[in-house]
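# Coordinate inspection notes
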Amino acid sequence: MLNTAIKAARRAATVIQRASFDVDRISVTEKQHNDFVTDVDQAAEQAIIETLLKAYPDHAILAEESGASANLNDESEFAWIIDPIDGTTNFMHGYPNYCVSIALTQRGIVTQAVIYDPVRNDLYTASKGAGAYLNDKRIRVTKHDRLANTLLCSGHAAGPRALAEYMKMYGVVAERCQAVRSAGSAALELANVAAGRSDGFYEKGLKAWDIAAGSLLVTEAGGIVGEFNGESDYLHKGDIIAASPKVFGQMVTLLAPFA
């Protein structure tokens, strides 16, 4: 199943990279304020779904652009969670920070994860219980144990209320760490935590397709993922903290008031 997901991600990346050479010709639709979809998102998503369902025709689908398949329900044993381009705004501006994100859940538990960064040709993979990898090399979260020594990443949902809350959180967090970065792709931020490139990530208002694959990468790399209050229902509620174990606890202490 992981190999099928990798194949699907690479097919989508071919569509994306072909379009990236002429971003001015991309057709863009605004779904809501500052939330966009392009014809490339839709074509890449279709390539992923076709690849997955050819191999597993009975599996359910939850995809950002086309939504849930008719057979997706609480009884679904296998369901694929797909974000064809996480970082669409970056992509449509030619800003090189976006990725394909694919996760497989089995009875609601994420068991396989693929995040592919076509710009850097970085392939992140994880299988539950088998570790996390970047280009076939085992990865681990950082060993920092003090928030003051960390580089953290974040982002915010569209809309003025989300921005206002983000700025309050930023003020609280930035005073206590070395720096906070926001690069526009939650999936890649989670992958970077798993790879030890950053120490932690936090954001509110995300969707399952933004975080499903990245959450498994982090936990398989030795990190912890949870809600702002430390609970574990982040996949459905969309508020997430991901970090190395000791940093995670310190982040929850800071961000619990925003839960």
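Residue positions are given per chain, counted from 1 along the sequence in the order it is written. Given that this is a predicted model, residues contribute local features only at a pLDDT of at least 70 and side-chain atom pairs are listed and counted only at 80 or more, while totals for whole chains, interfaces and linings are drawn from all residues. Here the side-chain values reflect all heavy atoms present in the structure, with hydrogen atoms and water set aside.

In the annotation of an unreviewed UniProt entry, the entry for the chain reads Inositol-1-monophosphatase, and the organism field reads Massilia rubra. The UniProt entry for the chain carries the following comment under Sequence similarities (unreviewed entry): "Belongs to the inositol monophosphatase superfamily." UniProt positions are given in the numbering used here, feature names are shortened, and annotations may be inferred rather than shown by experiment. According to UniProt, the comment filed for the chain under the heading Catalytic activity (unreviewed entry) is "a myo-inositol phosphate + H2O = myo-inositol + phosphate".

This brings us to the layout of surface pockets. Taken as a whole, the second largest pocket holds about 650 Å³ of empty space. Taken together, 25 residues make up the lining of the second largest pocket; nearest its centre are Thr105, Gly108, Ile109, Leu235 and His236. At the level of elements, strand 5 (78-86), strand 7 (109-117), helix 6 (208-220) and helix 7 (234-237) are the ones that each hand at least two residues to the lining of the second largest pocket. Strands are runs of DSSP state E lasting at least two residues, helices are runs of H or I lasting at least four, and both sets are numbered from the N terminus onward. Ranked by residue count, the leading element in the lining of the second largest pocket is helix 6, at five residues. Gly counts as polar in this scheme, as do all residues outside two lists: the nonpolar Ala, Val, Leu, Ile, Met, Phe, Trp, Tyr, Cys and Pro, and the charged Asp, Glu, Lys and Arg. Of the residues belonging to the lining of the second largest pocket, the class tally is eleven nonpolar, eight polar and six charged. Definitions used for this entry: grid spacing 1 Å over protein atoms alone; cavity, a set of points where a 1.4 Å probe fits but cannot get out; pocket, an open set with protein on both sides within 12 Å along at least 5 of 7 lines; lining residue, one with an atom within 4 Å of a point. Grid points are joined across faces, edges and corners, and a volume is the space filled by probe spheres set on the points.

Next up on the list: the packing of aromatic side chains. When two rings of Phe, Tyr or Trp (its six-membered ring) have centres within 6.5 Å they constitute a pair, described as stacked for plane angles under 30 degrees, edge-to-face for angles over 60, and tilted for the intermediate range. Applying the stated criterion to the full structure yields three aromatic pairs. Their ring planes at 35° and their centres at 6.4 Å tell us that tyrosine 56 and tryptophan 80 sit as a pair that is tilted. Taken together, the residues tyrosine 56 in the loop between helix 2 (39-55) and strand 3 (60-63) and tryptophan 80 in strand 5 connect sequence positions 24 residues apart. Between phenylalanine 91 and tyrosine 98, the ring centres sit 5.2 Å apart and the planes meet at 80°, which makes this aromatic pair edge-to-face. Each member of the pair, phenylalanine 91 as well as tyrosine 98, is classed as buried. Between the NZ or CZ atom of arginine 10 and the centre of the ring of tyrosine 116, over which it lies, the distance is 5.0 Å. To sit over a ring, a charge needs its Lys NZ or Arg CZ within 6 Å of the ring centre and within 35 degrees of the ring normal. For the cation-ring pair, lysine 204 lies above phenylalanine 228, with the distance from its terminal atom to the ring centre recorded as 5.8 Å. Think of it in three bands: with a 1.4 Å probe and only protein chains considered, a residue is buried below 20% of the maximum accessible area for its type, exposed above 50%, and partly exposed in between.

Looking now at unusual backbone geometry. If a residue is not glycine, its phi is most likely negative; likewise, a peptide bond is most likely trans. Phi is positive for asparagine 135, which is not a glycine, with a value near 50°. Relative to the helices and strands, asparagine 135 resides in the loop between strand 9 (132-134) and strand 10 (137-138). On the accessibility criterion, asparagine 135 (39% relative accessible area) is partly exposed. Of note, aspartate 136 is a non-glycine position whose phi angle comes to about 70°, a positive value. Residue placement: aspartate 136 occurs in the loop between strand 9 and strand 10. Exposure remark for aspartate 136: the relative accessible area of 72% places this residue in the exposed category.

The subject of this paragraph is the sheet that holds strand 13 (residues 200-203). Any two strands with at least two DSSP-identified bridges between them are counted as paired. Here five strands make up an open sheet; going across it, the order is 12-11-13-15-14 and the pairing mixed. Looking at strand neighbours, the two that pair on one side only are strand 12 (179-181) and strand 14 (224-226), the edges of this open sheet. Each strand axis lies, on average, 15° off the axis of its neighbour in the sheet, ignoring direction. The sheet contact formed by strand 11 (residues 151-154) and strand 12 spans three bridges and is parallel. Counterpart to leucine 151 in the pairing with strand 12 is alanine 179. Against the sheet, helix 8 (residues 245-255) makes contact with strand 11, strand 13, strand 14 and strand 15 (240-243), and its axis sits at roughly 150° relative to strand 15, the strand it touches most. Axes, fitted as lines to C-alpha atoms, cover a helix only where it is in contact. Angles between the N-to-C directions of the axes lie from 0 to 180 degrees. In what follows, residue pairs with any heavy atoms lying within 4.5 Å of each other are defined as contacts.

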